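Inside the fold
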Amino acid sequence: MKKINLLLLLFSVCIGHAIASTPIEDIYIRDPFILADKTSGNYYMYSSKSVTADDGSVRGGVSVYRSRDLKTWDGPFQVCEIPADNWITGNIWAPEVHEYKGKYYLFATVNSDIVWKGPKKDWPAYTYRGTQIFRADSPEGPFEAMNRMPATPIDEMALDGTLWVEDGVPYMIYCHEWVQVTDGTMKVVRLSDDLSEPVGAPIKLFNASAAKWSTGSDGGNYVTDGCYLYRTKNGKLLMIWSSFMNGEYAIGVAESATGKILGPWRQNDEPLFNRNGGHGMLFKDFDGGLHLVIHVPNSPAGMERARIFDIEDTGDGLRMKS
């Protein structure tokens, strides 16, 4: 009996080490996304994590960290692996998960090294990149591809798709990459009711240069990154998004003049955050508090960590709490 108890103790210790909690400040992550799942009472933070398949090939994937208090996190646990017959199978950027009609949907930017148009002088090549949608019954996956193609046009270098439902109709807002258009754009496309495919052509909402705080780069390009929508307590429709301000990553806020997804969108003159961090999203904790999560710093590579800030919804906009 003593031997059995000892074995059980050793097994428990091993399991405890396997899922040991990690402080959030020790987790490397870019483009963090936190889902507050009321069903399980857990917070889930999603991150890119490629996997090596049985045939030795490396394919893009997504992992998740799990927490009860937003401070320490268990994981990571693999929740998605791109299928071998997908349109492209490279690494994933900016995974985010939304609950919709009783299911969980993963929006993921899939990348490749496949060049479909050579670069102009001193410019990156056009490679296939787009947002694809995966579905699961649980926030812990497994997330499976709804089809093998992206929800963004295949001839657009598209990234950072996010979900918004307006008057019962689902839409995806996404960024059209500066590499292809120089002045990055924000676009919206309607999705089918089950989110399996786009409906109709995308519509441009605005260019990155529309915001005074978005100063561009020395190469003359303007970046659109990390869009996320939020409706204030007074009913105003806002979008937070990232670009560069005086050489550092920053987050700005746009407001729809009509309160509808098609806008027109008016840019706030001043950024919400401008200290070399960004790609943010907003979430409410289980007590109703509003938070912004971003990665900081944006460089050097490997130093990125998730930081959570308290946010005030003033009704007319958003304000960082001191």
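Below: a short report on this structure. (Residues numbered from 1 in each chain as written. Predicted model: local features only at pLDDT ≥ 70, side-chain atom pairs only at ≥ 80, totals over all residues. Heavy atoms only, no water.)

This part covers the overall build of the protein. In terms of helices and strands, the protein carries two helices and 23 strands. Here the C-alpha radius of gyration of the protein, 20 Å, is about what a compact globule of 322 residues would show, namely 20 Å. Each principal axis of the C-alpha atoms in the protein carries an extent, and together these give about 70 × 45 × 40 Å. Within the protein, contacts between residues at least 6 apart in sequence are counted, and of these 51% link residues at least 24 apart. (Helix = DSSP H or I, 4+ residues; strand = E, 2+ residues; numbered from the N terminus. Rg over C-alpha atoms; globule rule 2.2 N^0.38 Å. Contact = heavy atoms within 4.5 Å.)

Turning our eyes to something else, we now look at the sheet that holds strand 1 (residues 22–23). Sheet strands associate in pairs through backbone hydrogen bonding, adopting either a parallel or an antiparallel arrangement. Across the sheet, five strands lie side by side as 1-7-6-3-2; this open sheet has antiparallel pairing. In this open sheet, the two edge strands, each paired with only one partner strand, are strand 1 and strand 2 (33–37). Judged from the five bridges that link them, strand 6 (residues 61–67) and strand 7 (residues 72–81) form a sheet pairing that is antiparallel. Across the sheet, V64 pairs through a bridge with F77, a residue of strand 7. (Pairing = 2+ DSSP bridges.)

Along the polypeptide, T109 turns up in strand 9 (residues 103–117). Residue T109 is classed as buried on the basis of its relative accessible area of 1%. A polar side-chain atom of T109 sits 2.8 Å from the main-chain amide nitrogen of D160. If we ignore the near neighbours within four places in the chain, the residues touching T109 are N91, I92, W93, R129, G130, T131, A158, L159, D160 and G161. (Buried < 20%, exposed > 50% of the residue type's maximum accessible area, 1.4 Å probe, protein only. Polar contact = N/O pair within 3.5 Å; in protein donor to acceptor, adjacent residues only side chain to side chain.)

Once that is clear, we can look at the pairing of strand 7. Pairing of strand 1 with strand 7, which is carried by two bridges, proceeds in the antiparallel orientation. Directly across from T22, in strand 7, lies its bridge partner W73.

Below, the discussion takes up the packing of aromatic side chains. Going through the model one piece at a time under the given rule, you end up with eleven aromatic pairs. Geometrically, the ring pair formed by Y100 and Y105 is edge-to-face, given 5.8 Å between the ring centres and 70 degrees between the ring planes. Assessed through its relative accessible area of 5%, Y105 is described here as buried. Within the aromatic cluster, the residues linked to one another by ring pairs are Y43, F283 and F286. Positioned above the aromatic ring of W123, the side-chain terminus of K120 is 4.4 Å from the ring centre. (Phe/Tyr/Trp six-rings, centres within 6.5 Å; stacked < 30°, edge-to-face > 60°. Lys NZ or Arg CZ within 6 Å of the ring centre and 35° of its normal.)

The four strands lie next to each other as 20-21-22-23, forming an open sheet whose pairing is antiparallel. The sheet terminates laterally at strand 20 (278–284) and strand 23 (318–320), the two strands that pair on one side only. Put simply, the sheet's adjacent strands are angled 35 degrees from each other on average, direction ignored. Note: strand 20 against strand 21 (residues 290–296), five bridges, orientation antiparallel. (Axes fitted to C-alpha atoms, helices over the stretch in contact; angles between N-to-C directions.)

Relative to the helices and strands, A208 resides in the loop between strand 15 (198–207) and strand 16 (225–231). Judged by its relative accessible area of 0%, A208 falls in the buried class. Separated by 14 residues in the primary sequence, A208 and Y222 place their C-alpha atoms 5.7 Å from one another. Once residues lying within four places of it in the same chain are set aside, the contact partners of A208 are D183, G184, S214, Y222, V223, T224 and W241.

The next subject is the layout of surface pockets. Put simply, the largest pocket is a space of about 650 Å³. Forming the walls of the largest pocket are 25 residues, and the residues nearest its centre are L35, Y228, L282, F283 and K284. At the level of elements, strand 2, strand 8 (92–100), strand 12 (158–166), strand 16 and strand 20 are the ones that each hand at least two residues to the lining of the largest pocket. Of the residues assigned to the lining of the largest pocket, the class counts are 17 nonpolar, two polar and six charged. Approximately 520 Å³ is the volume found for the second largest pocket. R30, D31, W93, D225 and Y249 are the residues nearest the centre of the second largest pocket, which is lined by 27 residues in total. Elements represented by at least two residues in the lining of the second largest pocket include exactly strand 3 (42–48), strand 8, strand 12 and strand 17 (237–245). By residue number, the principal contributor to the lining of the second largest pocket is strand 8, which donates three residues. (1 Å grid on protein atoms, 1.4 Å probe; cavity = no way out; pocket = protein on both sides within 12 Å on 5 of 7 lines; lining within 4 Å. Points joined across faces, edges and corners; volume = space filled by probe spheres on them. Nonpolar A, V, L, I, M, F, W, Y, C, P; charged D, E, K, R; others polar.)

By themselves these figures say nothing about function.
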